[in-house]
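These are the residues of each chain, in order.
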Amino acid sequence: MKLTKDQVRLGRDKVKHVAKLANLPLTPEEEEKYSEQLSKILDYIDQLNSVDTKGVEPTFNVSGLSNVMRKDESLASLTQEEALQNPSQKQEGFFVTKRVIGEENG
Amino acid sequence: MADITSLTLTQTLKALEEKEFSLEELNKAYLERIKKYNSSLNAYLFVNEQNKQSFSTSKKIPAAIKDVISTKDIPTTAGSKVLGGYRPPYDATVVNLLLEQGVGVIGKTNCDEFAMGASGENSAYGVTKNPWDKTKVPGGTSSGSAVAVATDLCVFALGSDTGGSIRQPASLCGVVGLKTSYGRVSRYGLIATASSLDTIGSLTKSVEDAALVLSWISGPDGYDANCTNEKFTLQPKTWVNHPTRLKASIQGLKVGVPKEYFGEGLDSKVKEVINKAIKKLEELGAEVVEVSLPHSPYALAAYYIINPSEISANMARFDGIRFGFGREKIGPEVKRRIMLGTFALSSGYYDDYYAQAAKVRTLVKQDFEKAFASVDVIVGPVSPTTAWNLGEKVDDPLKMYLADIYTISANLAGIPGLSVPCGFSDGLPVGLQILGKQWDEETVLRVGYAYEQATDWRKEKPKL
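Just so we're clear, the structure is a prediction, and the values are computed from it rather than from any experiment.

Asks: Is there a simple way to explain the overall build of chain A in this structure?
Replies: Secondary structure assignment for chain A yields three helices and two strands. Helices and strands appear in chain A in the N-to-C order α-α-α-β-β. Put simply, chain A has 106 residues, and 13% of those count as buried. Looking at chain A alone, contacts between residues at least 24 apart form 43% of all its contacts between residues at least 6 apart.

Below is the structure:
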């Protein structure tokens, strides 16, 4: 079912903006599809606002733990060879990334 | 003797001890069965046939591992093209713990991409089929693990449960599925979906097996700061011959039935099966009382803010630099959740969405705490329906999300939950959900065990 203009919570422009924030390449068709689908999902999620949460503390973690520490000592970790087992591009024992400093981001 | 592959883990261990067959014969039997049936089910993405990997299965108990769990040098894709060809340089803690117990990886099981979905249809490597009816979904996201156990393609399997991903496919495929308390089992090496909700657990042929596997994989791990609780102990060898707490009667135990889990949306035939199962618990001596979880109707909405928000952060690591391919390979449901989460966390919306969802989460958790003040376990359906048709919900994400309505609350609250086969509706399996207090897997398993012993449902197998 096609949504009317008023029902679109997340318009194409907004979708494009969010996709940029998420570094997510979307096709124009996907932008259209997500605009509709996410608008419908947000409508459903709106019911959260009908819950009275005045004075309720938020829960971010349910393990009941905080500041779990371990002894500050070095442990075995991956070797350079193991760490470089998976990248598609490597050079002289390093990962290859795009240039981030200096010239235009390439 | 019955077919080797039809034995439960506990039975298999006993038979090995009594030298009824060897580990080589055991592995051969399972590999032959996989060869015969996997292509029509698509339960496995990788089968450790050649034993060429760093550890060989031929001298070990063959277990299936969901493909979101890292296995050293064995392909681990999380059901995504992004991780096509990825070979982890290390084993997850749970895999290490299994290896120590003489359990090996016979294969990696199919799943919804990065464990996002409810049907098993979001894998980039094709859908997994429900063995009871191949035109139906197996449930998700631990779809391949549930199917592999249901069809005797492994002795047992590991899965992960972020919103029902062990319990729901277990219910839809007719096997036992245990979601552990948050923090009970180390998640080191689990490819993260939503970090405050993710748990690792088992899919097994019996409740006794679930208790045994939990005793193997639980316990503190320096590599998961949320996992500090002590190991679950009900050592198997003591219970094969000596009845222990797991096998204790449930006489007088208080079983709560939440009225919110039996309302609109629950299929009437599923409801009938669940009610019969609850009757059975009563016959076994349990005292059944109604309880209320008043914030249940809001749990799903809170979940679909918290889950995508955490996903949007976790998925940021897939940039194609250290491992895997670029973000253009990310599949549609994963993209949808990254978009939803990024939006919910974006400037100006945080208080309306994420902060409000986190407060509703507190209320959902408190509902359980209040209910558990007067009951030992809470029981109800795992899924509002039995397995639905392949393709039926793929174009309607909201409808798909609603399939998780009875399972997500346990993840929000961090409590354990078990799905136990409890009957059929039109030839498709139905699972009874048993929820317990945080860290109280023991009572959950005890109720499951008592129910399982009093019924024969788990002995029903799909005809392949």
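Alright, that's what it looks like, and here's the rest.
Asks: Whenever I open this one, the interface of chain B and chain A confuses me. Can you help?
Replies: Often the size quoted for an interface is simply the accessible area lost on bringing the parts together. Between chain B and chain A, the residue contacts involve 45 residues of the former and 40 residues of the latter. Mapped by element, the contributors of at least two residues to the side of chain B that touches chain A are α9 (296-314), α10 (332-345), α11 (351-372) and α12 (397-402) of chain B. For the side of chain B that touches chain A, the element with the highest residue contribution is α11 of chain B, accounting for ten residues. Within the side of chain B that touches chain A, the residues separate by chemical class into 24 nonpolar, twelve polar and nine charged.

Asks: Could you clarify how one ought to interpret unusual backbone geometry in this entry?
Replies: The phi torsion of most residues other than glycine is negative, and most of the peptide bonds are trans. Residues and elements named next belong to chain B. The omega torsion of the bond from Gly 140 to Thr 141 falls at 15°, within 30 degrees of zero and hence cis. Looking at the secondary structure, you find Thr 141 in the loop between β3 (103-109) and α4 (143-150). In the Ramachandran plot, Asp 152 falls in the positive-phi region, its phi being about 60° despite a non-glycine side chain. Relative to the elements of secondary structure, Asp 152 occurs in the loop between α4 and β4 (156-161). On the basis of neighbour count, Asp 152 is assigned to the buried category, with 22 C-beta atoms found within 10 Å. At Asp 426, a position not held by glycine, the phi torsion is positive, near 50°. Its place among the elements puts Asp 426 in the loop between β10 (417-425) and β11 (428-436).

Asks: Please explain the sheet that holds β10 of chain B as it appears in this structure.
Replies: Whenever strands of a sheet pair, they do so through backbone hydrogen bonds, lying parallel or antiparallel. All names here are of chain B. Spatially, β1-β3-β2-β4-β6-β5-β10-β11-β9-β7-β8 is the arrangement adopted by the eleven strands of the open sheet, whose pairing is mixed. Looking at the sheet topology across the chains shown, the edges are occupied by β1 (44-47) and β8 (287-291). Across this sheet, the average inter-strand angle for adjacent strands is 30°, counted without regard to direction. Relative to strand β9 (residues 377-381), strand β7 (residues 254-258) runs parallel, the two being bridged by two bridges. Directly across from Gly 256, in β9, lies its bridge partner Ile 378.

Asks: For this particular structure, what's the right way to read the environment of Phe 95 of chain A?
Replies: Relative to the elements of secondary structure, Phe 95 of chain A occurs in strand β2 (residues 94-95). Sequence separation between Phe 95 of chain A and Asn 67 of chain A is 28 residues, and the spatial gap between their C-alpha atoms is 32 Å. For Phe 95 of chain A, the residues in contact, after removing those within four places along its chain, are Pro 87 and Lys 90 of chain A together with Ile 321 and Arg 322 of chain B.

Asks: Whenever I open this one, helix α14 (residues 441-454) of chain B confuses me. Can you help?
Replies: For an α-helix, 3.6 residues make a turn, and residues three or four places apart therefore share a direction. Residue and element names in this part refer to chain B. Compared with the 20 Å implied by 1.5 Å per residue over 14 residues, the 20 Å span of α14 between its first and last C-alpha is a close match. For α14, a buried count of eleven out of 14 residues is recorded, marking the element as mostly surrounded by other parts of the structure. Three or more residues of α14 are buried, namely Glu 441, Glu 442, Val 444, Leu 445, Arg 446, Val 447, Gly 448, Tyr 449, Ala 450, Tyr 451 and Glu 452. In this structure, the buried residues of α14 make contact with α6 (207-217), α8 (268-283), β9, β10 and β11.

Thresholds applied
Residues numbered from 1 in each chain as written. Chains lettered and ligands numbered in written order. Predicted model: local features only at pLDDT ≥ 70, side-chain atom pairs only at ≥ 80, totals over all residues. Helix = DSSP H or I, 4+ residues; strand = E, 2+ residues; numbered from the N terminus. Buried ≥ 20, exposed ≤ 12 C-beta atoms within 10 Å, placed from the backbone. Contact = placed C-beta atoms within 7 Å. Nonpolar A, V, L, I, M, F, W, Y, C, P; charged D, E, K, R; others polar. Pairing = 2+ DSSP bridges. Axes fitted to C-alpha atoms, helices over the stretch in contact; angles between N-to-C directions. Expected span 1.5 Å × (residues − 1).

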